[in-house]
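Inside the fold
Now for the letters of each chain:
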Amino acid sequence: MRMPTRHLLGIESLHPRDISALLDLAESYALLNRSGKTRRDVLRGRTLINLFFEDSTRTRTSFELAGKRLGADVINMSVSTSSVSKGETLLDTAATLNAMNCDLLVVRHKSSGAPALLAQKVDAAVINAGDGMHEHPTQALLDALTIRRHKGTLEGLTVAICGDIAHSRVARSNILLLTAMGSTVRVVGPPTLIPSGIEQFGVTIHHDMADGLRGADIVMALRLQTERMSGGLIPSAREFFTFYGLDAAKLAHARPDALVMHPGPMNRGVEIDSQIADHATRSVIREQVEMGVAVRMAVLDVLARTATPNA
Amino acid sequence: MRDTLIAGARIIDPASGHDRLGDLLIRDGVVADFGASLDRPDGADIVTAEHCILCPGLVDTRASLGEPGFEYRETIASAAVAANASGITTIAVLPDNAPATDDPALVRAIAAAGEATGRITLAPYGAATRACRGEAIAEYGLLRQAGAIAFTDGARTIGPAALMRRALSYARGFGAMIVQHPEEPSLADGAATEGARATLMGLPGIPVCAEAMLVARDIALVELTGGAVHFAHVSTGAALDLIRHAKQRGLAVTCDTAPPYFDLNETAIGDFRTYAKLSPPLRIEADRLAVVSALADGTIDAIASDHQPRDADDKRLPFAEAAPGGAGLATLLAITLAQVHSGALGLGTAIALLTVRPAALFGLDAGRIAKGKPADLCLFAPDRSWRIEAGNLPGKAQNTPFDGRAIEGVVLGTWKAGRRVFG
């Protein structure tokens, strides 16, 4: 397959058939990974730079592993706040990277649209690894792959996304992907954490967990950033957990075979109860991490092909 | 100076209702005569102007010029060039520079700097509060004596109700208006209008009611104090409804808007285009249409360029971090004419909103064509097309929200006190 664009900046620009093709390829990489084999020829001679302006362990590691399993030279750059205070701008950084002839640039930034800005200025294919409150496309793809492996399809499923929707790029990318693939999506949370206009994305809004989870096939809990509490959007962690924390009692409203997901890292006892997070049959949180590597391999593979004509 | 005869133009002067084909004679810097067919004095420069419109030089009620303090963005000299390219001959200059225009000497210095260009009259606003810091009111009496036309904190809202009350009340004693950026500050910490688009782009939103809320409050304060308020760059239907109603009740409430708010809607910020990041932010289509209606029905008193010069370092940033504001001088006339071409505004109405009505707001002796008055004039071809391109605009600031736009209406000549300063 080829991507419709040279970059992966968000789910918004993908057609359902692109999503399906990426998931199919990722599925094959998931099997390859489980068999312990690698395909180091795919990105041999290519350079992948992980450019992280925001702390991340799992996403960066996942991209690093994906790149290495496909044979790329992988470089991690964590741009600390100190170099920002030295006055180097995002575009200075872009110019530096361009001079290094990097092929694939994985970017995480606290500001929405930062990868899009970089994409205008660099020759590399840019992959958005999370920008502000905008998108986190590989997370949505890995969530979709995890769901598809268990449920066989995305079409016709009911997915409840719970918690801090307003500040979540994971929620946005998941809503775009799942609605495009024919799932029914509900968002569940207190009104202060539901973003304005979200109903225009084809989701329904619920402020009560029992109501939002009723009959759901998939329940996704989102990380609650602690700064949201200091910002006064919710009064306390215990109040949040009481009404919106995913525990056994609330999960009982979902279908008996409903899967529990979380993009990590988890705040146990805030948005999710440990008993649920570690549940042997319901929780697929660890499998999400595994699928993350496979999805990123697929994305890197396809973008490298898209970038090189006749490859 | 040689005489100039502009021949065969459609001369439109909304102040007098004059709208006829004819000639206009400039002698010694003033309009010596105009009418159906004038004799051609010996040795006069003849400007043939068939199919063109001659109107008063435009009066821009709201522009930030960068000087003093932000000369890397724009200077008075570069702004004058950009303004003349759009037929502007008078600019009301915002005070929120560094230092802010809160001292009589600065008011005089800005007016003198305008005069020194030979291109433009600068009518300075005085700061509403010292250093535009929003704490204590400035010296309205002394600033007014020095020539300040009204008082404002520019892009900053005069936030606390008690402070706005005092400003309105005290300014009234000197017959001056307070010009307000109407946006409730505690709701204004965002990068786009709150709603589906801001949510999709992951941008912090400013609820649309932040504007109407502040307008409602300040109208109440006008009733309380007997003062006069002018709301700048009004952008929402809700705020315009309140202003319309206040005017019907005879309150001293006026307002302006700027081309982005009747020409663009929030879709312009798609792909994180920071040149379309403005303050107030671009709105949904229904609000744009409400602005167009309010221009047509007279609720809006003037169209201002709302020129906010920014350089690449201000704008080449992730959207939420980029500075708001658009360059507006060079495109003021053409974007306004788009509403005429679309049939939403009459030509005379549009020209009035750019000339006599803004001049009347501030009591400026400008914005009209009259015998014996300085020849501040704008000659344009209404149907000739051009493309607005950031990078190719006159003046220093290139941050136009209209980048790439094909538009009709080309200025062919601008005269300031009889001297041709453009074309």
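Residues numbered from 1 in each chain as written. Chains lettered and ligands numbered in written order. Predicted model: local features only at pLDDT ≥ 70, side-chain atom pairs only at ≥ 80, totals over all residues. Heavy atoms only, no water.

With that out of the way, let us pick up the overall build of chain B. Within chain B one finds 13 helices and 19 strands. For 423 residues, the compact-globule formula gives about 22 Å, and the C-alpha radius of gyration of chain B, at 21 Å, lands near that figure. Here the C-alpha coordinates of chain B stretch approximately 65 × 50 × 45 Å along the principal axes. Contacts spanning at least 24 positions in sequence make up 73% of the contacts within chain B whose residues lie at least 6 apart. Total accessible area computed for chain B in this model is approximately 14800 Å², and 50% of it derives from carbon and sulfur atoms. (Helix = DSSP H or I, 4+ residues; strand = E, 2+ residues; numbered from the N terminus. Rg over C-alpha atoms; globule rule 2.2 N^0.38 Å. Contact = heavy atoms within 4.5 Å. Areas by Shrake-Rupley, 256 points an atom, 1.4 Å probe, with all protein chains shown as cover.)

On the side of chain B, 16 residues touch chain A, which itself brings 23 residues to the contact. Summed over both sides, the interface between chain A and chain B buries roughly 1400 Å², with carbon and sulfur atoms accounting for 66% of that surface. The largest share of the area that chain A buries against chain B comes from Ser112(A), Ser196(A) and Phe201(A), three residues that together contribute 29% of it. Here chain A and chain B share 1 salt bridge between them. There are 6 residue pairs in polar contact (both at pLDDT 80 or more) connecting chain A and chain B. (Buried area = accessible area lost by both parts, 1.4 Å probe. Salt bridge = Lys/Arg side-chain N within 4 Å of Asp/Glu carboxyl O. Polar contact = N/O pair within 3.5 Å; in protein donor to acceptor, adjacent residues only side chain to side chain.)

Residue and element names in this part refer to chain A. As recorded in UniProt, the sites labelled "binding site: L-aspartate" (unreviewed entry) are Lys86, Arg169 and Arg223. Mapped onto the elements, Arg169 comes out in helix α7 (residues 169-180). In this structure, Arg169 is in contact with Glu54, Arg108, His109, Gly130, Asp131, Gly132, Met133, His134, Glu135 and His136, ignoring residues within four places of it in sequence. (UniProt positions renumbered as here; feature names shortened; annotations may be inferred.)

Residue and element names in this part refer to chain B. Of the strand pairs in this sheet, strand β1 (residues 4-13) and strand β5 (residues 53-56) are connected by 2 bridges, and their pairing is parallel. Looking across to β5, one finds that Ile11 is bridged to Leu54. Bridging between β5 and strand β17 (residues 377-387) involves 4 bridges; their strand directions are antiparallel. Bridge assignment links Ile53 to a residue of β17, and that residue is Phe380. (Pairing = 2+ DSSP bridges.)

A word on the domain arrangement of chain B. All names here are of chain B. In terms of domain boundaries, chain B breaks down into domain 1 (4-53 + 374-383 + 406-422) and domain 2 (56-361). Taken residue by residue, the interface counts 22 residues in domain 1 and 27 residues in domain 2. Carbon and sulfur atoms make up 69% of the area that domain 1 and domain 2 hide from each other, which totals about 1800 Å². Among the residues of domain 1 in contact with domain 2, Pro14, Ile407 and Lys416 are the three that bury the most area, contributing 27% of the side total. Connecting domain 1 to domain 2 are 0 salt bridges. Here domain 1 is connected to domain 2 by 7 residue pairs in polar contact (both at pLDDT 80 or more). In terms of residue class, the side of domain 1 that touches domain 2 is made up of 13 nonpolar, 2 polar and 7 charged. (Domains from an automatic or database assignment. Nonpolar A, V, L, I, M, F, W, Y, C, P; charged D, E, K, R; others polar.)

All names here are of chain B. Relative to each other, helix α11 (residues 332-341) and helix α12 (residues 347-354) sit at 150°, their axes nearing to 9 Å. Of the possible angle classes, the one that applies to α11 and α12 is roughly antiparallel. The two elements α11 and α12 meet at a crossing, and its hand is right-handed. Two secondary-structure elements touch here, α11 through Leu332, Leu333, Thr336, Leu337 and Val340 and α12 through Leu347, Ala350 and Leu354. For the contact of α11 with α12, the per-class residue count stands at 7 nonpolar, 1 polar and no charged. (Axes fitted to C-alpha atoms, helices over the stretch in contact; angles between N-to-C directions. Parallel < 35°, antiparallel > 145°, perpendicular 65-115°, else oblique. Left-handed = near helix turned anticlockwise from the far one by under 90°.)

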